[in-house]
Amino acid sequence: MPGKSRAIALRTRLLAAMLGPLLGAAAIIGVGGATLISDVVRRTNDRVLGGALGAIAETVQVERGEVTLDLPPAAFGMLENSERDNVYYRIAVGRDLLTGYADLPAPDPSTMTVDQPRFRFARYRDQGIRIAEVKRMLPRIEQPVVIQVAETLDNRKTLAGQLTIALLLGEVALVGVAVLLLRPALGWSLRPLARLRRTVEARDGSKRPDFSPLDAGPLPNELQPLATAFDHMLAQLDTATGGMRRFTADASHQMRTPLSVLKVQVELARRGSSAALDEIADAVQRLERLVTQLLALARAEESGVSPPLEAVDLKEVSTAVIGRLINQAIAAEVELNLDAADGEIYRVQAHRTLVFEIIANLIDNGIRYNLRGGAVTVTLSRDADHVRLSVSDDGPGIAPEHHDKVFERFFRATGPQGAEGTGLGLAIVQSAASRMGASVTIADQSPGLAVIVYFPI
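As the structure is a prediction and not an experimental result, all values here were calculated from the model. (Residues numbered from 1 in each chain as written. Predicted model: local features only at pLDDT ≥ 70, side-chain atom pairs only at ≥ 80, totals over all residues. Heavy atoms only, no water.)

### Examining the pattern of salt bridges
Here's step 1: Applying the stated criterion across every chain yields a total of 12 salt bridges.
Here's step 2: In this structure, aspartate 39 engages arginine 43 in a salt bridge whose closest nitrogen and oxygen atoms are separated by 2.9 Å. Pair noted here: aspartate 39 and arginine 43 are both in helix α1 (residues 10–58), with a separation of 4 residues, about one helical turn.
Here's step 3: With relative accessibility at 25%, the residue aspartate 39 sits in the partly exposed group.
Here's step 4: The salt bridge partner of arginine 118 is glutamate 133, with a shortest N-O separation of 2.9 Å. With a gap of 15 residues between them, arginine 118 in strand β5 (residues 118–124) and glutamate 133 in strand β6 (residues 127–136) connect regions that are remote in the sequence. (Salt bridge = Lys/Arg side-chain N within 4 Å of Asp/Glu carboxyl O. Helix = DSSP H or I, 4+ residues; strand = E, 2+ residues; numbered from the N terminus. Buried < 20%, exposed > 50% of the residue type's maximum accessible area, 1.4 Å probe, protein only.)

Take a look at the structure:
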């Protein structure tokens, strides 16, 4: 979208996440492999060099008190290779040279173990060389005999280089094949996500919003929480839009009658009818009450995350509602009473606004559908599990067959002559109570009716 920063593509992220460790592992294998190759080449060539040293050392003998030797051609033939490395040797008795290259780096005999070959690197004639040497003690010869055989390192370096290059080529081929196979593998792995995206996109072209659960087929475990959360959001949207549709339909349906009356009375008022003004005032009052109750119902049925519950004192809210409606009761000649024990605590976890709506609608119904000279009583009591709020009147009551219907919108039971209502009061009560986990029941009494709300403790 314009103006919105773009994140790295998920396919690129996954490819980088896979190639990073793969390249790291290849580097570790390369370093370890090169070290192993160097060690294997050294050991292999040392074995050949040691064989040549042993062949020469076997020919060293004592004849007539003198040290003699017979250099076997096969000993030097072992050291021949394609790189034509130079081969050097030196045989000395003590510090006296018997034969060979006098300037070949000589060891200190005192640091050597008899008949135990040893190997070392050295520099000779500006070249690196590998020396194999052994100390022998011969009969009747006081000085130790030191035999040395050396060769240059060209063949070793060439062999190690060839093996290292082969290792690197193998790793490059492995990484290349992995890269070629990773892209289709990622495409296959992301196919459920693409299917989920297509399922969501397919709803863009529908004329009416579709809030039904997604049907994207079987999804991997990693995508199931996303699909579930999306379905939950769709359900919330469906509830919210459904509430808006119901509110709009209810408002348009119920406002049609008072608006029609207003149009007629306004026309009569234009013709000079003084009684029309009283009818207009009455219609406006009914319309105002209807709008107020529709808004209260919408607030009671409001979907989404409810605000945190708070401690609400039912006695304090009941007193406030009675103070608000006392003038309406006086005009209707109905007495308002509050029956609550002194010192008793009637505090519950609820929403104060919704509790106010519940009590206000129940008292309003009690006044509106009561007889002149009647009474409306708000009674508070409690037991181990509930706080009980009862609003009773001594009016005509409701027929038992209508008890289940009175909670429906716009249902009006038969009331006293002249009583007018919207049929929304008990619908508001039930919706508000359900949002707080409370329950509502109706009880007939003689005379009148009692509506009881149970708030859990």
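That was the structure; now back to the text.
### Points about the sheet that holds strand β13 (residues 439–444)
Here's step 1: Pairing within the open sheet is mixed, and its 5 strands lie in the order β9-β11-β12-β14-β13. Bordering the open sheet on either side are β9 (335–339) and β13, each of which pairs with just one other strand. Direction aside, the axes of adjacent strands within the sheet are offset by 15° on average.
Here's step 2: Both strand β11 (residues 375–382) and strand β12 (residues 386–393) contribute to a ladder of 7 bridges, which runs antiparallel. Looking at the pairing, valine 378 lines up with valine 391 of β12. (Pairing = 2+ DSSP bridges. Axes fitted to C-alpha atoms, helices over the stretch in contact; angles between N-to-C directions.)

### What to know about helix α4 (residues 191–201)
Here's step 1: The set of residues buried in α4 consists of Pro192, Leu196 and Thr199. Angularly, the buried residues of α4 cover 60° about the axis, an arc narrow enough to put them on a single face. (Arc of directions from axis to C-beta.)

### Quick notes on the side chain of asparagine 45
Here's step 1: With respect to the element layout, asparagine 45 can be found in helix α1.
Here's step 2: A relative accessible area of 11% means that asparagine 45 is categorised as buried.
Here's step 3: Looking at asparagine 45, its side chain comes within polar contact range of the main-chain oxygen of valine 41, at 2.8 Å.
Here's step 4: In this structure asparagine 45 touches Glu151, Asn155, Arg156 and Leu159, once residues within four positions along its chain are discounted. (Polar contact = N/O pair within 3.5 Å; in protein donor to acceptor, adjacent residues only side chain to side chain. Contact = heavy atoms within 4.5 Å.)

### Regarding the packing of aromatic side chains
Here's step 1: The final tally for this structure, using the stated rule, is 3 aromatic pairs.
Here's step 2: The interplanar angle of 80° and the centroid separation of 4.9 Å between the aromatic rings of tyrosine 88 and tyrosine 124 together place this pair among those described as edge-to-face. Here the residue tyrosine 88 occupies a position in strand β3 (residues 87–93), and tyrosine 124 occupies one in strand β5, the gap between them amounting to 36 residues. Of the two residues, tyrosine 88 and tyrosine 124, neither departs from the other in class, the shared state being buried.
Here's step 3: The structure contains a cluster of three or more aromatic residues connected by ring pairs, namely Tyr88, Tyr89, Tyr101 and Tyr124.
Here's step 4: The ring of phenylalanine 121 carries the charged tip of arginine 130 above its face, separated from the ring centre by 4.2 Å. (Phe/Tyr/Trp six-rings, centres within 6.5 Å; stacked < 30°, edge-to-face > 60°. Lys NZ or Arg CZ within 6 Å of the ring centre and 35° of its normal.)

### Some remarks on the sheet that holds β3
Here's step 1: Strand order in the open sheet formed by 5 strands is β4-β3-β7-β6-β5, and the pairing between neighbours is antiparallel. Because the sheet does not close on itself, it has two edges, and the strands there are β4 (96–100) and β5. For this sheet, the mean inter-axis angle between neighbouring strands, taken without regard to orientation, is 25°.
Here's step 2: α1 rests against β5, β6 and β7 (145–152) of the sheet, and its axis sits at about 45° to β6.

### Points about the environment of aspartate 46
Here's step 1: Position of aspartate 46 among the secondary structure elements: in helix α1.
Here's step 2: When the C-alpha atoms of aspartate 46 and phenylalanine 119 are compared, they prove to be 7.6 Å apart, with 73 residues separating the residues in sequence.
Here's step 3: Beyond its immediate sequence surroundings of up to four residues, aspartate 46 is in contact with Phe119, Arg130 and Arg156.
Here's step 4: Reaching out from aspartate 46, the side chain makes a polar contact with the side chain of arginine 156 at a distance of 2.9 Å.

### Digging into the packing of α1 against helix α3 (residues 154–189)
Here's step 1: At their nearest, the axes of α1 and α3 sit 9 Å apart, and the two run at 160° to each other. By the angle class used here, α1 and α3 are roughly antiparallel. For the crossing formed where α1 meets α3, the hand is right-handed.
Here's step 2: In the contact of α1 with α3, the residues fall into 21 nonpolar, 6 polar and 6 charged. (Parallel < 35°, antiparallel > 145°, perpendicular 65-115°, else oblique. Left-handed = near helix turned anticlockwise from the far one by under 90°. Nonpolar A, V, L, I, M, F, W, Y, C, P; charged D, E, K, R; others polar.)

### Notes on the nonpolar core
Here's step 1: One finds Val355, Ile363, Val453 and Phe455 to be the most contacted residues of the largest nonpolar core, which totals 41 residues.
Here's step 2: Of all elements in the fold, only α7 (314–331), β10 (347–350), α8 (352–368), β11, β12, α9 (425–435), β13 and β14 (449–456) reach the threshold of two or more residues within this core.
Here's step 3: It is α8 that provides the largest number of residues to this core, a total of 9 residues.
Here's step 4: Ranked by size, the runner-up nonpolar core spans 20 residues in total, among them Leu53, Ile56, Leu138 and Val145. (Core = buried A, V, L, I, M, F, W, Y, C linked by side-chain atoms within 4.5 Å.)

### What about the pairing of β13?
Here's step 1: In terms of strand pairing, β13 meets β14 through 6 bridges, oriented antiparallel. In the strand pairing of β14, valine 440 is matched with valine 453.

### Section: unusual backbone geometry
With the exception of glycine, most residues fall at negative phi, and the peptide bonds are largely trans.
Here's step 1: Even without being glycine, aspartate 126 reaches a positive phi, approximately 60°.
Here's step 2: Note on placement: aspartate 126 falls in the loop between β5 and β6.
Here's step 3: Overall, the relative accessible area of 73% leaves aspartate 126 in the exposed class.
Here's step 4: Even without being glycine, glutamate 333 reaches a positive phi, approximately 60°.

### Quick look at α8
Every α-helical turn comprises 3.6 residues, leaving residues that sit three or four positions apart pointing alike.
Here's step 1: Its 17 residues give α8 an end-to-end C-alpha distance of 24 Å, which sits within 8% of 24 Å, the value for a rise of 1.5 Å per residue.
Here's step 2: The buried fraction of α8 amounts to 14 of the 17 residues, a majority that puts the element mostly inside the structure. (Expected span 1.5 Å × (residues − 1).)

Interpretation note: all reported values are geometric properties and have no functional meaning in isolation.
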